[in-house]
Amino acid sequence: MNILIINAGSSSIKFQLMNLENEETKIKGLVERINLDDSELSWKIDGNKNKKNIDINNHKEGLKEVLDLLIDPEEGVIENFKEIDAVGHRYVHGGEKFKTSILITDNILKELKDLNHLAPLHNPNNLSGVKAIKELIPEVPNVAVFDTSFHSQLPEKAYIYPLPYKLYEEKGIRRYGFHGTSHHYVAAEAAKMLNKPFKDSKIITCHMGNGISFSAVENGHSVDTSLGFSTVCGIPMGTRSGDFDVGIITHLIREEGYTADEIHEMIYKKSGLKGVSGVSNDARDVEVAAWEKGNHRAQLALDILHYKAKKYIGSYIAAMNGLDALVFTAGIGENGWESRDAICKDMEFLGIDLDIEKNKIRGKKAVVSKENSKVKIMVIPTNEELMIAKETKNIIKNS
Ligand code: ADP
């Protein structure tokens, strides 16, 4: 069964065609700089990279290029679109309505549109990806796999904010959580590595990429997670602030004349590693500045990240009354052993005992805790695409 996985962002589309029988990726690639100068389509087949520059003005044009590439007699990997059994779309926000993945019928398409306001930077792009595919290959079924689904069973006390309750009732203001597909994938993998049933395990998953979120996963469900209504809270990220005293916002508006747009720009684009270090949003650049150039603010930015990460882990151990595995994933989590080292340092009291030498790996699945560590510390490369493909297959099979 071949599943085409589509992740449509504001100016890019990631795609991957996967054969689920052997979990083999036939082709994966990226359309970049949509509606900007120098749009580009790049792809990889069997480790061989290729690219071409083409004018791409919108998602539909981008996806048309992708589909043409798939069936191209020279470069392609399939003969015709009948070989695509379904398309799985990464969909950021499912709101309260969509707690699981869903087959996208015309009615569902309308309901998806109603969610745009919850994630205005993401959902409209996901939606235009779906619409484009429906127009280009109408005979192939589409499935939406939501970043929020895995968190849909958070307990009320974890998702209701201590604000006037009517904000929840009337405006849908609550914690939703994101990166769910990644948390789900690595938590399920961790349970396998623990040799424990997923439904009988306590796991903390640390998704640390450009965006960062941690989840407390108890008995197979996310019971708390650090991103919330929006993608700006929790642990500081590349450019996003993470948690801070919200009184600062009203102070800046009332005393310093900041506008809503300026605040938005500040907390989404100018904070986190970038804001504190003044160097970059990219963890590696910040590390180079801190460790090779002795830049104090770069070191401070990393220290804040590691300190907040450590505090979240502690709070989730308290929330679950225990922990079997602590899992690191995504760019920093998989590769930045120095960050794993800093976060796990001095956590023996909580049963977290890292093996400094085993931990010195990048991008490989491994257990990196000491033999006798009560909590197993794991590095598990995430695979959101595989998870989306599997979800898509399940939905198609059962519909
Ligand atoms: P995205 O959220 O865009 O998918 P990624 O998961 O690719 O992001 O993570 C990007 C982050 O991972 C960047 O901050 C990058 O610096 C960091 N990263 C990648 N490789 C390393 C490494 N070897 N050491 C430390 N950080 C790394």
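As shown above, the structure is provided for reference.
Throughout this description, residue numbers start from 1 for each chain and increase along the sequence as written. Only residues with pLDDT of at least 70 are given local features in this predicted model, and only at 80 or more are side-chain atom pairs given and counted; all residues enter the totals for whole chains, interfaces and linings. Hydrogens are left out, water is left out, and the side-chain values use all remaining heavy atoms of the structure.

**Student:** Honestly, the environment of Ala 158 in this entry has me stumped. Any pointers?
**Tutor:** Residue placement: Ala 158 occurs in helix H4 (residues 156-159). Considered as a pair, Ala 158 and Gly 228 are 70 residues apart in the sequence and their alpha carbons are 9.7 Å apart. Helical segments are the DSSP runs of H or I of at least four residues, strand segments are the runs of E of at least two, and each set is numbered from the N terminus.

**Student:** Help me understand the site of the ligand in this model?
**Tutor:** Residues are labelled near a given molecule or strand when at least one of their non-hydrogen atoms is within 4 Å of it. In the region of the ligand, 13 residues are neighbours, and Asn 210, Asp 282, Ala 283, Arg 284 and Gly 331 sit closest. Interatomic distance of 2.9 Å between a side-chain N/O atom of Asn 210 and an oxygen atom of the ligand. Separating an oxygen atom of the ligand from a backbone N or O atom of Arg 284 is a distance of 3.1 Å. Protein coverage of the free-state accessible area of the ligand, which is 580 Å², stands at 72%. Looking at the shell around the ligand, the elements that each hand over two or more residues are helix H10 (283-291) and helix H12 (330-335). A total of four residues in the shell around the ligand trace back to one element, the largest contributor, which is H12. Distance and chemistry together define a polar contact, namely a pair of N or O atoms within 3.5 Å, with one atom able to donate a hydrogen and the other to accept it when in protein, and with adjacent residues in sequence counting only for side-chain atoms on both sides. Values of accessible area rely on a 1.4 Å probe in the Shrake-Rupley scheme; residue burial ignores everything except the protein chains shown.

**Student:** Where do I start with the pattern of salt bridges in this structure?
**Tutor:** If charged atoms from side chains of opposite charge come close, those side chains can pair. Each reported salt bridge corresponds to a side-chain nitrogen of Lys or Arg within 4 Å of a carboxyl oxygen of Asp or Glu. One pass over the structure, following the stated rule, counts 17 salt bridges. In this structure, the salt-bridge partner of Asp 106 is Lys 134, at a minimum N-O distance of 3.8 Å. Of this pair, Asp 106 sits in helix H2 (residues 106-113) while Lys 134 sits in helix H3 (residues 123-136), and the two are 28 residues apart along the sequence. Here the term buried applies to any residue with accessible area under 20% of the maximum for its type, exposed to any over 50%, and partly exposed to those in between, with areas from a 1.4 Å probe on protein chains only. Lys 134 sits in the partly exposed class, given a relative accessible area of 23%. A salt bridge links Lys 358 to Glu 371, with the nearest nitrogen and oxygen atoms 3.7 Å apart. Of this pair, Lys 358 sits in the loop between helix H13 (337-344) and strand E13 (366-367) while Glu 371 sits in the loop between E13 and strand E14 (376-379), placing them 13 residues apart in sequence. Its relative accessible area of 35% is what places Lys 358 among the partly exposed residues. One continuous salt-bridge network, built from bridges that share partners, spans Glu 189, Lys 192 and Lys 365.

**Student:** Help me understand the pairing of strand E12 (residues 325-329) in this model?
**Tutor:** The side chains of a regular strand alternate, first on one face of the sheet and then on the other. Counting buried residues in E12 gives five out of five residues, a clear majority hidden from the surface. Burial along E12 is two-sided: Ala 325, Val 327 and Thr 329 and Leu 326 and Phe 328, pointing in opposite directions, are all buried. In terms of strand pairing, strand E9 (residues 202-208) meets E12 through five bridges, oriented parallel. The residue of E12 that forms the bridge with His 207 is Thr 329. When E12 meets E14, the two strands line up parallel, connected through four bridges. Along E14, the bridge assignment pairs Phe 328 with Val 379. Pairing between strands is defined by DSSP: at least two bridges between them are needed.

**Student:** Just checking my understanding: could you explain a negative patch on the surface for this structure?
**Tutor:** Exposure above 30% relative accessible area and the lack of any salt bridge qualify a residue for a patch; like charges then connect within 9 Å, and the nonpolar side chains Val, Leu, Ile, Met, Phe, Trp and Tyr within 5 Å. The charge count treats Lys and Arg as positive and Asp and Glu as negative. His and the chain ends do not count. Charge positions come from single atoms, namely NZ of Lys, CZ of Arg, CG of Asp or CD of Glu. Taken together, Asp 37, Asp 38, Asp 55 and Glu 61 make up a surface patch of like negative charges. Along the chain, Asp 37 turns up in the loop between strand E3 (24-32) and strand E4 (40-45). On the basis of relative accessibility, which here comes to 60%, the residue Asp 37 falls in the exposed class.

**Student:** Before we go on, may I ask you to explain unusual backbone geometry in this structure?
**Tutor:** Where the residue is not glycine, phi is negative for most of them; where a peptide bond is considered, it is trans in most cases. Even without glycine at this site, Glu 23 takes up a positive phi of about 55 degrees. Along the chain, Glu 23 falls in the loop between strand E2 (13-19) and E3. Its identity is not glycine, yet Asn 219 carries a phi of approximately 50 degrees, on the positive side. Tracing the backbone shows Asn 219 in the loop between strand E10 (212-218) and strand E11 (221-225). Judged by relative accessible area, Asn 219 falls into the partly exposed class, the value being 35%.

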